[in-house]
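Spelled out from the first residue to the last, the chains are:
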Amino acid sequence: MTGDVYLDNAATSWPKPPVVLEAIRDFLERAGGNTGRSGHHRSIASSRAVSLAREQLAELLGVGSPDELIFTKNATEGLNIAIYGLAEGVARIVTTSLEHNSVMRPLRDLEQRRGCAIEVVHADGNTGEIDLDEWKARLGDASPTLAVATHASNVTGTLLPIEDLAAAAGEAGVPLVVDASQSAGHLPLSLPAIGAAAVAMPGHKGLLGPSGTGLLHFAPGIEPEPLMRGGTGSQSELEYQPDFLPDRYESGTLNAMGIVGLGAAAGYLREVGVDRVQDRLTELGRRFRDGLAGVDGVTLYAPADPADSVGIASLNVDQVPCATVARLLDDEWGVMTRAGLHCSPAAHRSLGTAPEGTLRFSWGNDTSDADIDVAIEAVRTIAARERSAEPLGTVA
Ligand SMILES: Cc1ncc(COP(=O)(O)O)c(C=O)c1O
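So, how was this worked out
Residues numbered from 1 in each chain as written. Predicted model: local features only at pLDDT ≥ 70, side-chain atom pairs only at ≥ 80, totals over all residues. Heavy atoms only, no water. Salt bridge = Lys/Arg side-chain N within 4 Å of Asp/Glu carboxyl O. Helix = DSSP H or I, 4+ residues; strand = E, 2+ residues; numbered from the N terminus. Buried < 20%, exposed > 50% of the residue type's maximum accessible area, 1.4 Å probe, protein only. Near = heavy atom within 4 Å. Polar contact = N/O pair within 3.5 Å; in protein donor to acceptor, adjacent residues only side chain to side chain. Areas by Shrake-Rupley, 256 points an atom, 1.4 Å probe, with all protein chains shown as cover. Nonpolar A, V, L, I, M, F, W, Y, C, P; charged D, E, K, R; others polar. Pairing = 2+ DSSP bridges. Lys, Arg positive; Asp, Glu negative; His and termini not counted. Axes fitted to C-alpha atoms, helices over the stretch in contact; angles between N-to-C directions. Contact = heavy atoms within 4.5 Å.

A. Representation of the pattern of salt bridges. One pass over the full model with this rule turns up 18 salt bridges. With a closest N to O distance of 2.8 Å, Glu283 and Arg280 form a salt bridge. With Glu283 and Arg280 both in helix α9 (residues 274-292) and three residues apart, this pair spans about one turn of that helix. Its relative accessible area of 18% is what places Arg280 among the buried residues. Close ionic contact of Arg280 with Asp369 constitutes a salt bridge, the shortest N to O distance being 3.0 Å. Of the two residues, Arg280 is situated in helix α9 and Asp369 in helix α12 (residues 369-387); the sequence distance between them amounts to 89 residues. For Asp369, a relative accessible area of 30% translates into the label partly exposed. One salt-bridge network, in which partners are shared between bridges, spans Arg280, Glu283, Arg287, Asp369 and Asp373.

B. Main features of the site of the ligand. What surrounds the ligand is a group of 14 residues, the closest being Thr76, Asp179, Gln182, His204 and Lys205. In this structure, Ala75 approaches the ligand through a main-chain N or O atom, which is 3.0 Å from an oxygen atom. The side chain of His204 places a nitrogen or oxygen atom 2.8 Å from an oxygen atom of the ligand. Considering the ligand on its own, with 400 Å² of exposed area, one finds that the protein chains cover 89% of that surface. Counted by class, the shell around the ligand contains three nonpolar, nine polar and two charged residues.

C. Expanded view of the pairing of strand β2 (residues 69-72). Across the two faces of β2 the burial is the same, with Leu69 and Phe71 and Ile70 and Thr72 all buried. Relative to strand β8 (residues 214-218), β2 runs antiparallel, the two sharing four bridges. Directly across from Thr72, in β8, lies its bridge partner Gly214.

D. Molecular detail of the side chain of Asp179. Relative to the elements of secondary structure, Asp179 occurs in strand β6 (residues 176-179). No salt bridge is formed by the buried Asp179; its nearest oppositely charged neighbour, Lys205, is found at 8.3 Å. For Asp179, the side chain forms a polar contact with the side chain of Ser181, separated by 2.6 Å.

E. Seen up close, the sheet that holds strand β12 (residues 338-340). In space, the four strands of this open sheet follow the order β9-β10-β13-β12, with antiparallel pairing throughout. Among the strands making up the open sheet, the edge pair consists of β9 (298-301) and β12. If you compare each strand with its neighbour and ignore which way they point, the axes differ by 30° on average. Where β9 meets strand β10 (residues 312-317), four bridges bridge the pair, whose relative direction is antiparallel. When the bridges of β10 are listed, Val298 appears paired with Val317. Along the sheet, α12 makes contact with β9, β10 and β13 (358-362), crossing β10 at roughly 20°.

F. View of unusual backbone geometry. Here the bond from Leu245 into Pro246 is cis, since omega is 0°, no more than 30 degrees from zero. Inspection of the secondary structure assignment puts Pro246 in the loop between β8 and α8 (256-272). Of note, the bond from Ala354 into Pro355 is cis; its omega dihedral lies within 30 degrees of zero at 5°. By the secondary structure assignment, Pro355 is in the loop between α11 (345-351) and β13. Despite not being glycine, Leu208 shows a phi value in the positive range, around 70°. Note on placement: Leu208 falls in the loop between β7 (198-202) and β8. Here Leu208 falls in the buried class, since its relative accessible area comes to 14%. With a phi close to 55°, His342 is a non-glycine residue in the positive phi region.

Have a look at this one:
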């Protein structure tokens, strides 16, 4: 192995900013009690630290009242709370073929067990773009409907026009759940401005927090049934779930050290400026595209203009299984990517890359130009070797 080039930020971001590590350590040393439970000073210090993190995140995400931000353990948990809660009494669910299984599996479950009709708007075969007219047409049905859409594809990086999708849903009187897993932290986001009923996201990807963290936000007045009920520390005398935010949806002991790390990451992102992060990701995306343009045998699956996407692009090298390319990249160049279907089989059916999938490259604010150049050189070399019929080996 020659290097340590991390291009798998869409799975989870690495490295985390040093302030995240410091905040976690500081929390464990100086606080470390359970939040909202006991009256002793370590418990109070822990509650304060979590409240501060909520405030930092609310500030970053344009949420006026920090208590509207619900902590979850990942994007999947937030999406499940929103989808199952808002699907009560719904006959149809309109979605896109770009959805991750964190959305598709709950939807297929609702189809199988509750008879909901699932209507999928398919994405363009090369760029992953969604036809807004088809989206609007499908929403205009009279039966009770829910809509779910990702903000950005985790396969091609394609950004969906989420405000337009939300406006169309609003006009049709359909609540929309947004999966902001690949956009949060990668572009400036004001959650209320999206105009959705609910937005869910992980804390461990673009928001640069540790794993085991996520966020969910409901538009004011939207308070579906929670998925779980249990101890919150608040209203201990009641055997019923508190109905106020965030406790209504935060049962059980919180991942306080993770949340504190996520709060520190939010502070870091505000200092750096998410608009600057977005510019940097676009610059790296341009470098990646330019470096691979015209390389024989390489097919890119991503919008032509990196400004239409987040820091993700997929590719395939003719005849070479993507898992083999991923292994060669890691073994010979130390370049870490992700091969396969990326938990989004419908997206790959739209792209025509199922069942093998693609090789996904995903960069972050800490990715250097040199990292991208190593990846380009490695892909070029593999493609050239393949054309000269030098054996590439296979992955068992
Ligand atoms: C678009 C999308 N949605 C949902 C998820 C699930 O995120 P988590 O692992 O935090 O539940 C991912 C993660 O890969 C994703 O890319």
